[in-house]
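# Reading the structure
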Amino acid sequence: MKKTKIAVFCSGGGTNLQALLDAEKSGAIESGKICLVLANNSSAYALERAKNAGVPTAVVTRRQTGSQEAFEAEILRLLQEYGIELIVLAGFMSILSENFTSKYPKRIINIHPSLIPSFCGKGFYGLHVHEAALAYGVKVTGATVHFVNEIPDGGQIILQKAVKVHKGDTPEKLQRRVMEQAEWKILPAACEKVAREIAIKGEKYEHIQNQ
Ligand code: GRF
């Protein structure tokens, strides 16, 4: 079965990207191939991780392209060039408009560091999510992988994993535990699940085409 071509979008350290690269290497991701890592800034360490793994990289910045439309047009051009079928947002901090997301229905997935619908939506990203969870006093938090549509963190949920909050947790300690115990496990699993569905669909389509 043909492997689904995957692009991973990053903005920062790329630990979720690393989990995906390691999963592809170990065979935990067998239905997809990471063909492109795209960052919205040239200092993202995720780019180093991609280069170390021999994966092509690209940097597209909002400033360089001058407008949201030009920014998204350049990203779409690269996705076409690499024949990308599945986009994984792994700590990607740029907005993607409905005009963009509507071109990849059920083909964009995102990792969010809480159990959606808690602590999600506008303004809930990175450490802010864990600060809100601690402020609320939840005993359990976690991470969610969901499809991306025009509503921030609003798409259908694919996988979730719960993580215990410990007494005396700081946002940083909680963030690390959620990454280690949840994000780095469910993002590769969700990526394999969706990549497999796309590959099977593609195979069926080819089969029908060739009849
Ligand atoms: C992670 O906490 C993830 O939940 C959030 O952004 C962070 C990305 O970290 N979306 P990294 O770049 O994958 O290390």
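Below you will find a few notes about this structure. Since this is a predicted model, take the numbers as computed values, not measurements.

Attention now goes to the side chain of H146. Mapped onto the elements, H146 comes out in strand β6 (residues 140-147). With relative accessibility at 2%, the residue H146 sits in the buried group. If we skip the residues at most four places from it in the chain, H146 touches I108, I109, N110, H112, I116, D153, G154, G155, Q156, I157 and I158.

Formed by 34 residues in total, the largest nonpolar core has its most connected members in V8, L86, V88 and I109. The element contributing the most residues to this core is helix α7 (residues 171-210), with 10 residues. Residues contacting V8, with those up to four places away along its chain left out, are L17, L20, I34, L36, V37, L38, V88 and A90. If you look at the next biggest cluster of nonpolar residues, it comprises 21 residues, including L38, A58, L78 and V148.

What follows concerns helix α4 (residues 68-81). Taking 1.5 Å per residue, 14 residues should reach 20 Å; α4 reaches 20 Å between its end C-alpha atoms and fits that length. Within α4 the residues assigned to the buried category are Q68, F71, E72, I75, L76, L78 and L79. Axial view of α4: buried residues confined to an arc of 160°, hence all on one face. Relative to its buried face, α4 has exposed residues pointing more than 90 degrees away, namely E69, Q80 and E81. In this structure, the buried side of α4 is in contact with β1 (4-10), β2 (32-39), β3 (57-59), α3 (62-65), β4 (86-89) and α5 (98-101). Count one or two residues on from α4 and you reach G83, which has phi positive near 60°.

Conventions and cut-offs
Residues numbered from 1 in each chain as written. Predicted model: local features only at pLDDT ≥ 70, side-chain atom pairs only at ≥ 80, totals over all residues. Heavy atoms only, no water. Helix = DSSP H or I, 4+ residues; strand = E, 2+ residues; numbered from the N terminus. Buried < 20%, exposed > 50% of the residue type's maximum accessible area, 1.4 Å probe, protein only. Contact = heavy atoms within 4.5 Å. Core = buried A, V, L, I, M, F, W, Y, C linked by side-chain atoms within 4.5 Å. Expected span 1.5 Å × (residues − 1). Arc of directions from axis to C-beta.

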